[in-house]
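# Coordinate analysis (summary)
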Amino acid sequence: MTQFVKGRGAKSGLPPGTLVHIGETTGRPVTIHVMDYDGEGCRETELQSVSQCIPYRDKESVTWINVDSVQQADIIQQMGECFGLHPLVMEDILNTSQRPKLEVYGDYLFIVMKMLHHNDRSEVRVEQISFILGPSHVLSFQEGIAGDVFDPLRQRLRAGKGRIRSAGADYLLYSLIDAVVDNYFVVLEHLGEEIEALEDEVVSRPTPHTVRRIHGMKRRMIFLRRVVWPLREVLAALQRGESELVQDATQVYLRDVYDHTIQAMDSIDTYRDMISGILDVYLSSLSNRMNEIMKFLTIIGTIFIPLTFIVGLYGMNFKYIPGLQSPWAFYGVVVFMAAIAGGMLVYFKRKRWL
Amino acid sequence: MTQFVKGRGAKSGLPPGTLVHIGETTGRPVTIHVMDYDGEGCRETELQSVSQCIPYRDKESVTWINVDSVQQADIIQQMGECFGLHPLVMEDILNTSQRPKLEVYGDYLFIVMKMLHHNDRSEVRVEQISFILGPSHVLSFQEGIAGDVFDPLRQRLRAGKGRIRSAGADYLLYSLIDAVVDNYFVVLEHLGEEIEALEDEVVSRPTPHTVRRIHGMKRRMIFLRRVVWPLREVLAALQRGESELVQDATQVYLRDVYDHTIQAMDSIDTYRDMISGILDVYLSSLSNRMNEIMKFLTIIGTIFIPLTFIVGLYGMNFKYIPGLQSPWAFYGVVVFMAAIAGGMLVYFKRKRWL
Amino acid sequence: MTQFVKGRGAKSGLPPGTLVHIGETTGRPVTIHVMDYDGEGCRETELQSVSQCIPYRDKESVTWINVDSVQQADIIQQMGECFGLHPLVMEDILNTSQRPKLEVYGDYLFIVMKMLHHNDRSEVRVEQISFILGPSHVLSFQEGIAGDVFDPLRQRLRAGKGRIRSAGADYLLYSLIDAVVDNYFVVLEHLGEEIEALEDEVVSRPTPHTVRRIHGMKRRMIFLRRVVWPLREVLAALQRGESELVQDATQVYLRDVYDHTIQAMDSIDTYRDMISGILDVYLSSLSNRMNEIMKFLTIIGTIFIPLTFIVGLYGMNFKYIPGLQSPWAFYGVVVFMAAIAGGMLVYFKRKRWL
Amino acid sequence: MTQFVKGRGAKSGLPPGTLVHIGETTGRPVTIHVMDYDGEGCRETELQSVSQCIPYRDKESVTWINVDSVQQADIIQQMGECFGLHPLVMEDILNTSQRPKLEVYGDYLFIVMKMLHHNDRSEVRVEQISFILGPSHVLSFQEGIAGDVFDPLRQRLRAGKGRIRSAGADYLLYSLIDAVVDNYFVVLEHLGEEIEALEDEVVSRPTPHTVRRIHGMKRRMIFLRRVVWPLREVLAALQRGESELVQDATQVYLRDVYDHTIQAMDSIDTYRDMISGILDVYLSSLSNRMNEIMKFLTIIGTIFIPLTFIVGLYGMNFKYIPGLQSPWAFYGVVVFMAAIAGGMLVYFKRKRWL
Amino acid sequence: MTQFVKGRGAKSGLPPGTLVHIGETTGRPVTIHVMDYDGEGCRETELQSVSQCIPYRDKESVTWINVDSVQQADIIQQMGECFGLHPLVMEDILNTSQRPKLEVYGDYLFIVMKMLHHNDRSEVRVEQISFILGPSHVLSFQEGIAGDVFDPLRQRLRAGKGRIRSAGADYLLYSLIDAVVDNYFVVLEHLGEEIEALEDEVVSRPTPHTVRRIHGMKRRMIFLRRVVWPLREVLAALQRGESELVQDATQVYLRDVYDHTIQAMDSIDTYRDMISGILDVYLSSLSNRMNEIMKFLTIIGTIFIPLTFIVGLYGMNFKYIPGLQSPWAFYGVVVFMAAIAGGMLVYFKRKRWL
């Protein structure tokens, strides 16, 4: 969770616009993947160097350039120079501790958002993804610490199904954002299942570790909230149509993906409420269980205490104790003590203490 | 509760506007019920195929087409094509995990809201209902997992009582919304009774399960809040009269149903406060009860502990213990111990520990 | 508390504008009391039938028609027809589960607010009161489940003291609202005394019922908040002077009563904070008391446990135990045990456990 | 704390504008103190009757008339008539349960605020102070239950130091408000010291009364918040310069005192957070301490329980118990028991229970 | 924490604009350091007296005058007179208990913010820093209780690297603010590490002091929030470009540093949530541990209580107790008791109490 600021302090003292990669480093090579399409067809290439981007800059067909892994500052620098990006934009692309935001520059939009991954060990990983929307191109920069969620979109582009091939770069941007947001629901579904499992665990077999698991889940929700909440503003700003780069026909689609983020927020809030409830039930059942045990033990002790007193009474060494000599006294005392114990049991039972 | 996102993740990767039913499937056949009326009369039909809708599209009389159960994507698709609906609208009708919303399209309004059912086992079921308001028709799409609440309205249409037969499609929409909101109060009344029962249970015969029942009720309130809260905005937007489809005369009625949703919100908030109070009283009475038991048992133990010491004292095997030989010593010791026990009881009584 | 929705569900399915009384029924006969005044004099009448209202409708003198108990739908209906009220207004007058609100109709204002009564058994009763402000008349409709707070105002009208007889209908409306709001402070003062009594009780003689009394008080505050809070908006809207029915000279008076509602809100919030504090002190002192008792008892037990061990030691039946034969051994052991007990007491004292 | 509404209910039923003093009565005589100054000099008088005010009404020099103790309704009435105040203003001056507010009347401003006093017994007393700002005069009305904070200001007026003698009535008003707000910091400093003392007490020597002292401090903070919070709005409104009575040159000074109220609010909020923290630490250390005691006692008990069993074992009256006849058996058993006790101590030590 | 108001009360009663240093006094001599630069070069001087500032006032090159330690009122006074600052601005520079704010005066801007230092003993120290932005100069006033964070900036100015030497005074101001905000992340990173250490401590080796350490950390977060939160508004106001002193080209840089403060706020909020979670886990694990100990001890006691009763039974002095004479009876009883103890252990094990 402290990843928010980890490494962030290292930039302190550097001039603004200094390009330094902040974030996890995987050492994976950088790939630049280009999809260039229009109504007629779709051309796919893997670029070897950034300079190959230049022809795509002013082409009329729509171009999507996807840079996987932003860990090499020089490549981002070259991309930025090629497409005329502001130094601060390049800095933000490299600094993966950004929060989701939209920035409007003269002839392009800059969008930062977060992509979620839910891996096999049911951890939620977060990866920053930045978009640049130009007049006829979309650049996407992935942090590259896990796979991406754009394969179905690539398939649609290749197949030319649906509206996408005939629409502009703004619709491509929408499709990319939609793919990221749709994936939030996949992650939320996984988390929902884990929460239900946690709920079962709390009721049937709580352990001392349960409280930490509950808090871990709570923290993940806080984290997701921080990822999704600012996205709402980003999409609302996009949808208000202040930029000429976004056409009117795309507004209704952006409203749709805006609705989805609201739904995701709703789910996260519901999950948080559920987790709070689970914690309350857990703490209450824990203290209930403990109380039951202590009560049971104390009742056993309380039943034997008077009996122990009675046997002590006849263990005194006085010469004259009534009944000491009687052959039946021992049995009498035992029966008497059984009666006391029975009476106490009945009393406790009636008071519903047992 | 996790139903919010259940199945929602399955859509991830599909192009926007893909028609997939998301929600519970009952397998009930789809029925298309038409009521067409004007000042003179009301004609009722059960349509066999969607194409039969076409004549109603541009008729001057008001037409209400009710589609029960939106579980077949193709029927929604045909309806949408017939009435010129946007693909995203059709997608939202099919996806029953929407939150209440109003969307204004050029010549029609799209409204999503939730219908509540309180069944015999005192569960609250939620069903999505979508409305399309056109110039002279209202389409309603029910999720169809329980009955609907429109029968009294149908009776009024048939009987021609009140303002409804002479008013336009916007008044019909209002009447449908009003029927749904009115039903919220029926559900809230049932829940109110359950809360009062819960309150009695907490005071008179709390069990370890009570805490879970309280949390279940709390969760239902959170859930209802999410259903009702966005509806407020929907109705406020409708009432602001931005669309020409809603006439001025209908505004005052919409303000009335808006007031009702505020009242429902108020009731829900009051219930939540009551439930919090019940939980506090429950926890406090539980710990109180436990404390009383432990105190009682500890006091019994504490009274016998010195007595047991005294009998032990005279059980020592020393040759010379004063009084061992005396014939009255035993009785003396017993009286002495009774005095100690009595003194302790009086002391505890005075300190109000008993 | 569930009175908010009680009976409200019964209206479900009825057409809007259906006149049904919702609320408590007392069976008291309906009285229609008229005070008609101008600069010269004040005429008071008790009307026998609604039709007698008609002459007052367009009179130039100011008329106050007070309907006590709105439990008969037909009388409200006739009043409404006589003064040209909207069906929804009549419906709202009859439905006593409204929240405070202001509605502006063309030539009249409709105001709903709540009147509080604090009866001898220190319960707070709520009664709905609705006002209609016309050009020269004010209609007031009381729920009629307790008395009203207008007697001082009636006296002033009769006596002709102050500004009231020379001012218009809007000033009369202000005076009525002011009387209702002033009475809130009477009720709040009573509750303040009860809260202080509760505070004393918590400190000096808490009982297991105290927690429920505290929660009862908390709930009453939540309830009062819901009564007063929306009134603030009503008065703010009135004071903004959007309607021509309210003259400029009356604005400053409305601002004054607006200030009073803010003060009432402040008091309610202060009371809520006090009650929370009382609850905390109660729970803390309860657990403190319990801990003190348990500590005391456990200390007694702990002092005797080693002593009981020692007497047991000399109660063993070994043939050779040092000292058994000595005539002073018994006294020696007793002194030794007294020393142990004393030492433990000193130790516990020093550690401040006693 | 209930002083908010105390006595307030007594006004219920009286016509608006009725002059009744609401608040604490001290019986001190009313003094009317006048300071009249311009660039040249400062004249100071103690007025014998209200009618002597009249000459100051339209004078060109700036006049400050300070009425100490507003407990006599007739004097306020005469002042009001002399300076043409609205009846509701006079009513508010007398009613000392007002919250801070600014009211703009045609040719004067009416301001209500609270003056704080921190007396020797470290109680915080609140006194209402009302200001009227006219074109060339400021009237100030003190509740008069403690001294005031204006002596340094009077000195400055007499000495003619600084800007004050050459500035207008609005600057005088600012100086008065500034004196009151500056004094808040004196009170807050005292409270800060008490909070730090409380913090020490909680850590070093908590007593059962501590919780009530903490809650008392918390309540004082809630109270201060209510005093300072509305003042913010008052000063913001003054500073917006809507009234011609406040000159542009004074705006920057009002912004300064506005900043001070924000600082005071910040301090109050910080104090509240500190008090919450203190309460948490207190409760946690209390339960910690109690747990330590109980644990220690229980461990002592647990060590002796098996030993007592063993001595009981050899106290049985069986004829044949191995070792009873052996001369070393007693010592053997004692050593064995010491070994058990030692073993248990080591075990508990290792488990960090001791 | 009470440093907010410490010493602040001392100003009560002084006229506004009185120059009094409020804050910690170190006795360090005041240094006035000047950096004057343009595209060509950078000249650095240490001034001996304030009067030497005058030539820099209207120079065309950009001048940065840094006053380290504002503890001498007369120097600030002379600076203020030299640059024509308002008396209230001088007062605010000296009063180091300001909250971050921006004030717009005719030809200069006044900004107050806080500089953080994280020293070796992992304390967070706060130092006030004030900026004056004139047409071609920036004055900075440091509280001077620790070092500053401007050395990298000074290096850049000397080296002439980046945009800074060619940009105006507004860019210099931005660079200074950016340096301060960047340093927040260094401090936050340190705190993040401490929070993680605290988390480990809670899980592995909690001590009674842990709760105070957690609360100390919580308080630091509240404190940081108060430092960072108002800065957001300051930067938002600067960025809105209302003053002509800030050029358009600098806006995008200010937006960047605004984003950084939002990120810092996010981190602080995340830390607060983490600390709350740590506290919950701590309290829960503490009570869990205590419960485990008490349960273990009580179980030991409960096992021995019936055994002690049995040995007491055979210790009674009745003449006829069955088995007393039998040579195997002792062994029989011991075996019987072992069976009871074993049975109880099995029972407790099965119930999962052990």
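What counts and how
- In every chain, residue numbers begin from 1 and rise along the written sequence.
- To label them, take the chains in the order written and letter them from A, then take the ligands in the order written and number them from 1.
- Only residues with pLDDT of at least 70 are given local features in this predicted model, and only at 80 or more are side-chain atom pairs given and counted; all residues enter the totals for whole chains, interfaces and linings.
- Values reported for side chains reflect all heavy atoms of the structure, with hydrogen atoms and water molecules removed beforehand.
- When the copies are overlaid, the least-squares fit takes in C-alpha atoms only where the residue has pLDDT of at least 70 in both copies.
- We call two residues contacting when some pair of their heavy atoms lies within 4.5 Å.
- The rule is simple: take the accessible area with a 1.4 Å probe, protein chains only, and divide by the maximum for that residue type; under 20% is buried, over 50% is exposed, in between is partly exposed.
- Working definition: helices are DSSP H or I runs of at least four residues, strands are E runs of at least two. Numbering for both runs from the N terminus.
- Here, strands pair whenever DSSP counts at least two bridges between them.
- UniProt positions are given in the numbering used here, feature names are shortened, and annotations may be inferred rather than shown by experiment.
- Note on geometry: axes are lines fitted to C-alpha atoms, helical ones only across the stretch in contact, with angles between N-to-C directions running from 0 to 180 degrees.
- Geometric relationships in this document are graded by angle, where less than 35 degrees denotes roughly parallel, more than 145 denotes roughly antiparallel, 65 to 115 denotes roughly perpendicular, and other angles denote oblique.
- We call a crossing left-handed when the near helix sits turned anticlockwise from the far one by less than a right angle, and right-handed when that turn is clockwise.
- Summary of the metric used: pLDDT quantifies the predictor's per-residue confidence within the range 0 to 100.
- We define buried area as the total accessible area lost by two parts upon association, computed with a 1.4 Å probe and summed across both.
- The rule for a salt bridge is simple: a side-chain nitrogen of Lys or Arg has to be within 4 Å of a carboxyl oxygen of Asp or Glu.
- Two N or O atoms count as a polar contact when they lie within 3.5 Å, although within protein this holds only if one can serve as hydrogen donor and the other as acceptor, and sequence-adjacent residues are included solely when both atoms are side-chain atoms.
- Think of it as three bins: nonpolar holds Ala, Val, Leu, Ile, Met, Phe, Trp, Tyr, Cys and Pro, charged holds Asp, Glu, Lys and Arg, and polar takes everything else, Gly as well.
- By definition here, a helix of n residues has an expected span of 1.5 Å times n minus one.
- A pair of sulfur atoms, both from cysteines and within 2.5 Å, is called a disulfide here.

## Notes on the relation of the copies chain B and chain A
Under the fitted operation, chain B is carried onto chain A by 0.1 Å of movement along the axis and a turn of 72 degrees, and the coordinates agree to an RMSD of 0.1 Å. Given the turn and translation reported, the copies of this chain are related as if by a five-fold rotation axis. Nearest to the rotation axis, the C-alpha of Gly315(B) is located 4.9 Å from it, this being the minimum over chain B. The two copies present different faces, since only 8% of the interface residues in chain B are matched by interface residues at the equivalent positions in chain A.

## Topic: the pairing of strand E1 (residues 31-37) of chain C
Residue and element names in this part refer to chain C. Most of E1 sits out of view: six of its seven residues are buried. Sheet topology note: the E1/strand E3 (residues 62-68) ladder contains seven bridges and is antiparallel. Looking at E3, one finds that Val-34 is bridged to Ile-65. Judged from the six bridges that link them, E1 and strand E2 (residues 42-47) form a sheet pairing that is antiparallel. Looking at the pairing, Met-35 lines up with Glu-44 of E2.

## Observations concerning the UniProt feature "transmembrane region" (unreviewed entry) in chain A
Residue and element names in this part refer to chain A. The UniProt feature table records "transmembrane region" (unreviewed entry) at residues 296-316 and 328-348. Spanning residues 296-316, this segment combines 86% helix with 0% strand, and its end C-alpha atoms are found 31 Å apart. Taken end to end, residues 328-348 is 95% helix and 0% strand, and its two terminal C-alpha atoms sit 30 Å from one another.

## Overview of the packing of helix H6 (residues 248-313) of chain C against helix H3 (residues 87-94) of chain D
Viewed as axis vectors pointing N to C, H6(C) and H3(D) meet at an angle of 20 degrees, and their least axial separation amounts to 10 Å. On the basis of their axis angle, the class for H6(C) and H3(D) is roughly parallel. Between H6(C) and H3(D) lies a crossing whose hand is left-handed. Mapping the contact onto sequence places Val252(C), Tyr253(C) and Asp256(C) in H6(C) and Leu88(D), Glu91(D) and Asp92(D) in H3(D).

## A few points about the relation of the copies chain D and chain E
Between the two copies, chain D and chain E, the superposition gives an RMSD of 0.1 Å; the rotation angle is 72 degrees and the shift along the axis is 0.0 Å. Interface overlap between copies is the fraction of interface residues in one copy that are interface residues in the other; for chain D against chain E it is only 7%, indicating separate surfaces.

## Brief notes about the confidence of the model for chain A
When pLDDT is averaged across chain A, the result is 87; 97% of the residues are at 70 or more. What the predictor reports for the complex is a pTM of 0.83 with an ipTM of 0.78.

## With respect to the sheet that holds strand E6 (residues 124-133) of chain A
Residues and elements named next belong to chain A. Here seven strands make up an open sheet; going across it, the order is E2-E1-E3-E7-E6-E5-E4 and the pairing mixed. Looking at the sheet topology across the chains shown, the edges are occupied by strand E2 (42-47) and strand E4 (101-105). Strand-to-strand twist in this sheet, taken as the mean axis angle between neighbours without regard to direction, amounts to 20 degrees. Taken together, the five bridges between E4 and strand E5 (residues 108-118) define a ladder with antiparallel strand orientation. Opposite Leu-102, over in E5, you have Ile-111 as the bridge partner. Set on the sheet, helix H5 (residues 210-239) makes contact with E4, E5 and E6; between it and E5 the angle comes to about 150 degrees.

## Topic: the interface of chain B and chain A
The partner chain A presents 61 residues to the 63 residues of chain B that form the contact. Approximately 5,400 Å² of surface area, both sides summed, lies buried where chain B meets chain A, with 63% of it carried by carbon and sulfur atoms. A salt bridge links Asp259(A) to Lys101(B), with the shortest nitrogen-to-oxygen separation between them at 2.6 Å. For the pair chain B and chain A, the interface holds 13 residue pairs in polar contact (both at pLDDT 80 or more). For the side of chain B that touches chain A, the elements supplying multiple residues, two or more each, are helix H3 (87-94), strand E4 (101-105), helix H6 (210-239), helix H7 (248-313) and helix H8 (329-350) of chain B. For the side of chain B that touches chain A, the leading source of residues is H7(B), giving 14 residues. Grouping the amino acids of the side of chain B that touches chain A by side-chain chemistry returns 34 nonpolar, 16 polar and 13 charged.

## Thoughts on the arrangement of the chains
There is a clear gap between chain A and chain C: no contact, and 9 Å between their nearest C-alpha atoms. Regarding chain C and chain E, the two do not touch, and the least distance separating their C-alpha atoms is 9 Å.

## Let's talk about helix H6 (residues 210-239) of chain E
End to end, H6(E) covers 43 Å across 30 residues, agreeing with the expected 44 Å (1.5 Å per residue, within 8%). Looking one or two residues beyond H6(E), the residue adopting positive phi is Gly241(E), at roughly 65 degrees.

## Notes on the interface of chain D and chain E
Each partner contributes to the interface: chain D provides 60 residues, whereas chain E provides 63 residues. Summed over both sides, the interface of chain D with chain E buries roughly 5,400 Å², with 63% coming from carbon and sulfur. By the criterion of area lost to chain E, the three top residues of chain D are Phe309(D), Asn317(D) and Phe318(D), representing 12% of everything that side buries. At the boundary of chain D with chain E, the tally comes to five salt bridges. Counting residues per element, the ones that place at least two in the side of chain D that touches chain E are helix H4 (151-159), helix H5 (169-204), helix H7 (248-313) and helix H8 (329-350) of chain D. Here the side of chain D that touches chain E is composed, by residue class, of 27 nonpolar, 15 polar and 18 charged.

## Concerning the sheet that holds strand E1 (residues 31-37) of chain B
Residue and element names in this part refer to chain B. Strand order in the open sheet formed by seven strands is E2-E1-E3-E7-E6-E5-E4, with mixed pairing between adjacent strands. In this open sheet, the two strands that pair with only one neighbour each are strand E2 (42-47) and E4. Between one strand and the next, the sheet's axes are offset by a mean angle of 20 degrees, whatever the strand orientation.

## So, the state of the cysteines
Between two cysteines, a covalent bond joining their sulfur atoms is known as a disulfide. Considering all chains together, one arrives at zero disulfides over all chains under this definition. Cysteine Cys82(A) is unpaired, with the sulfur of Cys53(A) as its nearest cysteine sulfur at 5.3 Å. With a relative accessible area of 9%, Cys82(A) lands in the buried category. In this structure Cys42(C) is a free cysteine whose sulfur lies 16 Å from that of Cys53(C), the closest cysteine sulfur available.

## A short note on the environment of Ile129(B)
Residues and elements named next belong to chain B. Tracing the backbone through its elements, the reader meets Ile-129 in strand E6 (residues 124-133). Residue classification places Ile-129 among the buried positions, given a relative accessible area of 0%. On a C-alpha basis, the gap between Ile-129 and Tyr-174 in space is 14 Å, while along the polypeptide they are 45 residues apart.

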